[in-house]
Amino acid sequence: MVTNSPHSVHALVRLLKSSTDPPSTPGPSKIEIACLAWSDPYFRAVNKGEVIGEWILTLLAQAKKTRREKDANSTFDPIADSRYWTLLSPVLTTPPPTAARPMKTWLLSLLNRFQVDTIVIELLTLRSLQVLAPARAALAVLWPLAEKKIAIDALSECLSAVFNTCTEWEHVDANLGWICSAVVATYRNALVNAGNKKKLYNSFLTTHISSWLCAVCTSSSLVSLSSTKQLQDSIYAAGTDTLFSLDALKQPLDTLFDALSSSISSLLPVLPKLCTSFLHATHRHRSALFVSATSVVGGKEEVRKKGMEFVGKCWILIQGSANFQENFEVEKWKSVIGVLRIVEKERLFVAHSIRGVHTDTKGEYGGELALSEARDKAVEMLETASSKDNRTGQVDISIQLLDVLVQIEYDFVGSVLERVLSALINIPPPHATTAFSEFLTHVLEYHTKTRTVHSYALALLGAVVASSASSTSWTFASRSITSTFPLAYHLPALARSLRTSLTPTQTTPLATAVLQAVESAWRTFKAVDEEEERSAKKQKVAENTDKSGREASLMSVQARVFCYTSRVAGTILSNLPANSYTKHGEYSLECLWGDVGKLGWTVIWDCLREKTGKGHDTVKGRDGKKRKHAVETGPLSALYAHIVTAAALQFLYDVRARVSFLLGDCDRLEEAHIEALLNITRDEASDPELVLEIIRTLLWHVWYTHQCGYQNHMQTQQIFTVTLDILTTHPLSKSKWSGVLGALTRDNLCLAVLYILTERWIDVLDALASTKNLERFISLLLAASLDPSDENNRENSDEIRLQQDHATITLHSILLSLLRNAQFWELHNIRAIFLSSVLALTAPLSSYCFPTDGVESPSPMIAIADTELALACNVYSRLHYVPPEYFTRPVRAELVKRAMAGDFEICKELEGATAPKSKAKRKDRDRGGAGHRGETLVEASDDRVPAEELKKWSRRLTFVRVFLQRMQFLGTPSYSTSLTFVNHLLSPPPCIASPSKALASVTLDLIQLHVVSLLRSRDPEAAISISSAISSLITARPFSQPYSQETWAQLLVQSSVIKLIERTTGDIDPTSLPDEVKRALKMLLEALESSLSPHARRLVERDAREIEQFLSSEQINAWSRMLSLKRWLGMDSQVVAVPFGLKLATTAIRSENSARLDSATCSSILGLLFEEVWCMPGATHHVHLDVVVGFYAVNGSDQGSDIEHIMDMHVAQASKKMSVEDFSHLLKVLEEGIGGSGLRVGHRERLIHLGQVMLHDAPQGTLKIIQHFATRCFNLFADREEIYGGSSHLKLQYLEFIAKHCSDRPAAIRSVDLSSIWSLLHKILSGSSEHDGATAFPIFHHIVTIIGALIRLRRDLVVHTLPHLSLVLRQLMMLIRKIRPQLGAKQSKIVTDTFPSWLSTSQPLSTDEARALARLLTSLTTKTVPRTHAHASTESQKAESLAKPFAKHASYVLVAYVDAFNDPLCIINAEMRRDLEPGLFALCEMVGEHSRDALMMSALDSGGKTIMKSLWKEYEKQRYVGKG
């Protein structure tokens, strides 16, 4: 090896060009020799890199040729050998010695002898991960030098290799992606300058089209990385640049589509995108393609025709593919929809003769024919899918296609609208999707705009009738499907359109036609019913089985048709114009309403008499269950009669509720009629929907007769009694209802009746119901068991939802809506009975007597039954939603007393819940509770009962305590009772080891409420009670146990101690407390000191790394409160002032894990630091204040976080208490920190925010200090590049600092500050070559706020810097531009470089920013008084504006707007211009006509003059000229 080691360049050349490899045997190979020569530090030949590079590049270029030689080694492949690339990479990237030739010189001469493209093709074919990394580094040097020497044909071959490589995107890594991107970019640049693009087009179609389509149609899930997605977009752009170049566009489209037909499966996903690219390319080259077009409009028309021709070719291509006619393929239809969306978006279609479409498939008529054929195919698929199951995908695709056609041209769908609606009605409800709603909305929008809603309503009715002829899948349909209109979700939109768009002349024909449709549906149903009866009489059942089945099927269809027709008719007739419902008027339909009532009641009585009545007669004398069984097993005609009756009642109710009067004489219910309807509601065999409709009808009848003054009192009470009877048939708490009539069952009928009663008829119930019925109704609401878990599981309910996205209705939701309704509490009868019922149900709790003679011997408790206690707790759970103002003062005091007694009883029950209980005893108790509520008993296993009872009673305890908290103890109990209750709260049941957050919070609040009321009282008895309470806290020994071993009772005592000290030191004057209370507080202080001081001293003496293991926010907070209490009592706090907080803060600052501290710990440490400052001598304050700044900078969080909010509260409170010296020192430390170098990310932002908080809450007498600090900060912001050129977060922070200072303390601003502010704003608004990914909109608003505050509040300073103000306003005006789409890279960069770094061109400024800028410009004309500290009174200062002084500079701001508008590479949309107009008009008012003329003569070109004239014309329109 030593013999072959090169010692000179000549020796190295000789060894590398040897005919054998290795040059000598045995010995190292050539590549090993080259590596040794390159890495040998003693071989210092200046051109050794050139020799090695030339040798390696020669081998790589001749690798393919070498492999073809006969005597070549088949295993030798330098391109696949990573050693060659690994050596070539440093050779090309290492700077050569000074004496050597420049690398570019010898590389260019070397690249002239061979082509790099062959190496790249071989490299892309290999896809070796070991080779790609060093190869990328080498090609990064070679490719930029070689790309200009590669012919376009060779680049086309390279591009083909890229396509083949990118067909498998999962194998494309960053290195391979970079190489492919370089090839694609070079090809696109070379294609621009290529001469024969037609040849490239034909070659691309012949050779590369298949691989290109495979590369660009890959799923987005495989193209996950952003760089990979960019590569795919570049590959797509390279293909479209070739396919749609000018020469390619001149070729027939048949050539392109013949090539595309060979790869139809790969083409489908990219076909819509390909259509868009074709349109854009055609539009770009329109002047060269369509020379005959004499105008811009003519050129665009030719582009549109060419686009429609392309669409027609796409349809022919997809339609001609295999299995398109026979099978349904989602991808093909998605591709069709995508192409049609392009037609709609680009407005390609122009109607010529849709009803008689031209048969010529050439040109745009081929596209029109394609749209018609797609329409026909979609309707056919929709009709086919409506008769089959599991066709959701086909239905969805068909609707989406028709929806796009509606948006393109309504006439495409208008001719087949009735067929489409009929198919939609026949589709089973579970298959309905959001696409249905969108399609119907677009159709309805068209009819609304064209004032033809009446024709659409009639088409909908016709579709209902037509659906019966095409319905084959709903034989023997269930009641829910038969009675629920499939398009019910669309009816509210139809109702709105009818009310707003229907004309009076259209109303009468529409109403007449609707009534005729209902009558026709009834006659058809009646005829089928009669035919069935005749068939049943003539033939035996056994002989007519098949025919009976067919008749039952036909009867089901006709019942469904009547239900749907009546539902649509009710919607139409109840939403006519308002003048249609007047009894006397020009457009009144009074005669029609009588016909409506006559028809409706005819249907009702016929069905009830012929079906329900006979059924009742045949089973008369049987009980309810037998009658129900008889009806269910009887003929289906009885069921359909019920359905039709319910539909007729709903139809009448809809119309009647709108007209508010009787629908003729037939609508007047006599006593016999009402009795018949009530008998149906009492019958369990009656259909639940029919029962609900009867209840609604009867309630309306009660209301109407009351309005007319001829109601029957006994009959009214009977109706209310029957209604309330329904509410007791099934347990309300177990029922759920989706709100859809078709989902009604006997189980949830009670809930539906309760819902309509509370939502619609509660006022009627209050006015007309008897006291007995009202008491019964309120008892049902209060006594019903309410399980909130049912509400939590509402989203997982199995409740049927038919067509409408209703939220599930439960007892909980009804009660919430009722108790939160102001109307309910204004009903005096119900409110009085509600309060009396509450007192009656909670009466068992009044038997408890609180002690009056002290706490040592409390009065014995009288036992309360579990059922009574549970019922009382149920009542208190309802009272959470009752406004306290509706309770009288005695009732409020009594309820509070009973709630306290219930608290004692519940805790007693909790203690007994964990004790062993006999099964019999528990079962008896549960049976009693279930019997009271009317619920079914569910026996639980013995091992689960204690846990369930514990959870149940804990929830009830929470209800009671939340009620006590809401009442705020109005009607305060005696002091001894308060003391007893506090002691009770401090001793929670041991079984509650970990209470819920709500229970823990409300318990602590109640303790504080009682303790504070005792503290504030000046009664001697209150002093004794509060002293006893404090003694109880001391006895509990707070903070004496390790934090991890503390129970809830101990944590409750500790939290109570902390809250007590906070309220005492913060709200109460020490001189107002009796000596007895002060002694108790001192004893509490001693207890805290004895518990905390040893622990704190041990922690301070420990190593800093061990302190983190003992961090507890409660302990830290307790130490801080102990210091504040000692200071509040006037005791010497320096004695116990162990530097605990200082040690904790310094440890947190130095620790690497300081960011893990939670908000409670950070808040406690910061509060302790400030508390130690007040306890320490003044000379030592500076140390603590320095640590405060460091701790805030390290442990602060992002803007707006919880940690920042809590820490800011501590800083604000402490800042107000600081002395001038401490405040000055803290600001100096902040100033040094903000201007310091080497700060971590986020530290400078937090320091700036800390300064902002301190300036907002500065102490008195610190104006000069504040001015000096603000000036220094402004200078730092404007002078330090790392600050004004920092991240957007940093910009946002210091701009907020300036904005707050200018708005809150304008008098503190000095003239020297404005120069820094203007300089900073200019730098922030200046252009940048680098931009953030997203625009920081708050930066713009903060800048506007700063300028606006200066203009309004410090006009006296701004008037001397008007040129600076004008410059900044010009910069703001230039930001409203939006980059024009489809610009090239160079043009885009020209524009983006003019935008600041925080503004991304992908997110331009919106209209919100335009309105803010307009308000700023308008403020220039607003008269204000400057805010200064001058001695002159405000009355002597005259309010003025900047309009006159700024008039000389306003023209330059207008010029900036004109330049932005006139920029050929940018646009300003109409919304932005409209929102800017108020500010622009203010500038025009300042400029005046003379300055405007001078401006147009000197500073504007022809385009600018046009813009200025248009702006001035709009200004003249709105200017007030003093003429009224």
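Refer to the structure above for everything that follows.
Remember, it's a predicted structure, so these values are computed and weren't measured experimentally.

**Considering the overall build of the chain**
Right, on to step 1. When helices and strands are counted, the chain shows 71 helices and two strands.
Right, on to step 2. Every one of the 1524 residues in the chain was classed for burial, and the buried ones make up 52%.
Right, on to step 3. Here the analysis covers contacts within the chain between residues at least 6 apart in sequence; of these, 79% occur between residues at least 24 apart.
Right, on to step 4. Element-wise, carbon and sulfur atoms account for 51% of the exposed surface of the chain, whose accessible area totals about 68700 Å².

**Considerations on the packing of aromatic side chains**
When we look at a pair of aromatic rings, we describe it by the centre distance and by the angle of the planes.
Right, on to step 1. The tally for this structure, following the rule as stated, stands at 31 aromatic pairs.
Right, on to step 2. Relative to Phe834, the ring of Phe824 has its centre 6.3 Å away and its plane inclined at 90°; by these criteria the two rings are edge-to-face. Placement of Phe824 in helix H41 (residues 822–825) and of Phe834 in helix H42 (residues 828–841) is noted, with a sequence separation of ten residues between them. With respect to burial, Phe824 and Phe834 carry one shared label: buried.
Right, on to step 3. Linked through ring pairs, Phe1269, Phe1274, Phe1277, Tyr1294 and Phe1297 together constitute an aromatic cluster.
Right, on to step 4. Above the ring of Tyr653, the side-chain terminus of Arg696 is found at 3.9 Å from the ring centroid.
Right, on to step 5. Taking the ring centre of Trp761 as reference, the NZ or CZ of Arg760 above it sits at 3.9 Å.

**Quick word on the nonpolar core**
Right, on to step 1. Counting residues in each nonpolar core, the largest one holds 478 residues, and the members touching the most others are Trp212, Ile235, Leu424, Trp593, Phe1277 and Leu1372.
Right, on to step 2. Counting residues per element, this core draws most heavily on helix H32 (residues 636–659), at 13 residues.
Right, on to step 3. If we ignore the near neighbours within four places in the chain, the residues touching Leu1372 are Leu1325, Phe1340, Ile1343, Ile1347, Leu1413 and Leu1416.

**Some details on helix H50 (residues 1048–1067)**
Right, on to step 1. With 20 residues, H50 ought to run about 28 Å at 1.5 Å a step, and its terminal C-alpha atoms sit 28 Å apart, in line with that.
Right, on to step 2. Regarding H50, the residues found buried are Trp1048, Leu1052, Val1053, Gln1054, Ser1056, Val1057, Ile1058, Leu1060, Ile1061 and Thr1064.

**With respect to the side chain of Lys1291**
Right, on to step 1. Along the chain, Lys1291 turns up in helix H62 (residues 1288–1304).
Right, on to step 2. Those residues in contact with Lys1291, other than ones at most four positions away along the chain, are Tyr1284, Gly1285, Gly1286, Ile1324, Ile1339, Ser1397 and Trp1398.

**Things to note about the pattern of salt bridges**
Right, on to step 1. Overall, the coordinates contain 29 salt bridges when judged by the stated rule.
Right, on to step 2. Across the salt bridge formed by Lys313 and Asp254, the nearest N and O atoms sit 2.6 Å from each other. Placement of Lys313 in helix H18 (residues 296–319) and of Asp254 in helix H14 (residues 253–260) is noted, with a sequence separation of 59 residues between them.
Right, on to step 3. Overall, the relative accessible area of 40% leaves Asp254 in the partly exposed class.
Right, on to step 4. Between Asp1408 and Arg1411 there is a salt bridge whose closest N-O contact spans 2.3 Å. Of the two residues, Asp1408 and Arg1411 are both situated in helix H68 (residues 1407–1418); the distance of three residues between them amounts to about one turn of the helix.
Right, on to step 5. The class for Arg1411 is partly exposed, based on a relative accessible area of 34%.
Right, on to step 6. Each of the salt bridges in this network shares a partner with another, and the network as a whole consists of Asp1408, Arg1411 and Asp1475.

**Structural notes on helix H36 (residues 749–760)**
Right, on to step 1. In this model, H36 (twelve residues) spans 16 Å end to end at C-alpha, consistent with the 16 Å of a helix rising 1.5 Å per residue.
Right, on to step 2. Across the twelve residues of H36, nine count as buried, placing the element largely inside the fold.
Right, on to step 3. Of all the positions in H36, only Leu749, Cys750, Leu751, Ala752, Val753, Leu754, Ile756, Leu757 and Thr758 are classed as buried.
Right, on to step 4. The elements touched by buried residues of H36 are helix H34 (688–708), helix H35 (713–727), helix H37 (762–768), helix H38 (771–783) and helix H40 (811–819).

**Here's the deal with the packing of helix H53 (residues 1113–1128) against helix H55 (residues 1159–1175)**
Right, on to step 1. Where H53 meets H55, the closest approach of the two axes is 9 Å, and the angle between their N-to-C directions is 25°. The orientation of H53 with respect to H55, classified from their angle, is roughly parallel. Considering how the two elements wind past one another, H53 and H55 form a crossing that is left-handed. Of the residues in H55, those in contact with Ser1113, Ile1116, Asn1117, Trp1119, Ser1120, Leu1123, Ser1124 and Arg1127 of H53 are Ala1160, Thr1161, Ser1164, Ile1165, Gly1167, Leu1168, Glu1171, Glu1172, Trp1174 and Cys1175.

Rules and cut-offs
- Residues numbered from 1 in each chain as written.
- Predicted model: local features only at pLDDT ≥ 70, side-chain atom pairs only at ≥ 80, totals over all residues.
- Heavy atoms only, no water.
- Helix = DSSP H or I, 4+ residues; strand = E, 2+ residues; numbered from the N terminus.
- Buried < 20%, exposed > 50% of the residue type's maximum accessible area, 1.4 Å probe, protein only.
- Contact = heavy atoms within 4.5 Å.
- Areas by Shrake-Rupley, 256 points an atom, 1.4 Å probe, with all protein chains shown as cover.
- Phe/Tyr/Trp six-rings, centres within 6.5 Å; stacked < 30°, edge-to-face > 60°.
- Lys NZ or Arg CZ within 6 Å of the ring centre and 35° of its normal.
- Core = buried A, V, L, I, M, F, W, Y, C linked by side-chain atoms within 4.5 Å.
- Expected span 1.5 Å × (residues − 1).
- Salt bridge = Lys/Arg side-chain N within 4 Å of Asp/Glu carboxyl O.
- Axes fitted to C-alpha atoms, helices over the stretch in contact; angles between N-to-C directions.
- Parallel < 35°, antiparallel > 145°, perpendicular 65-115°, else oblique.
- Left-handed = near helix turned anticlockwise from the far one by under 90°.

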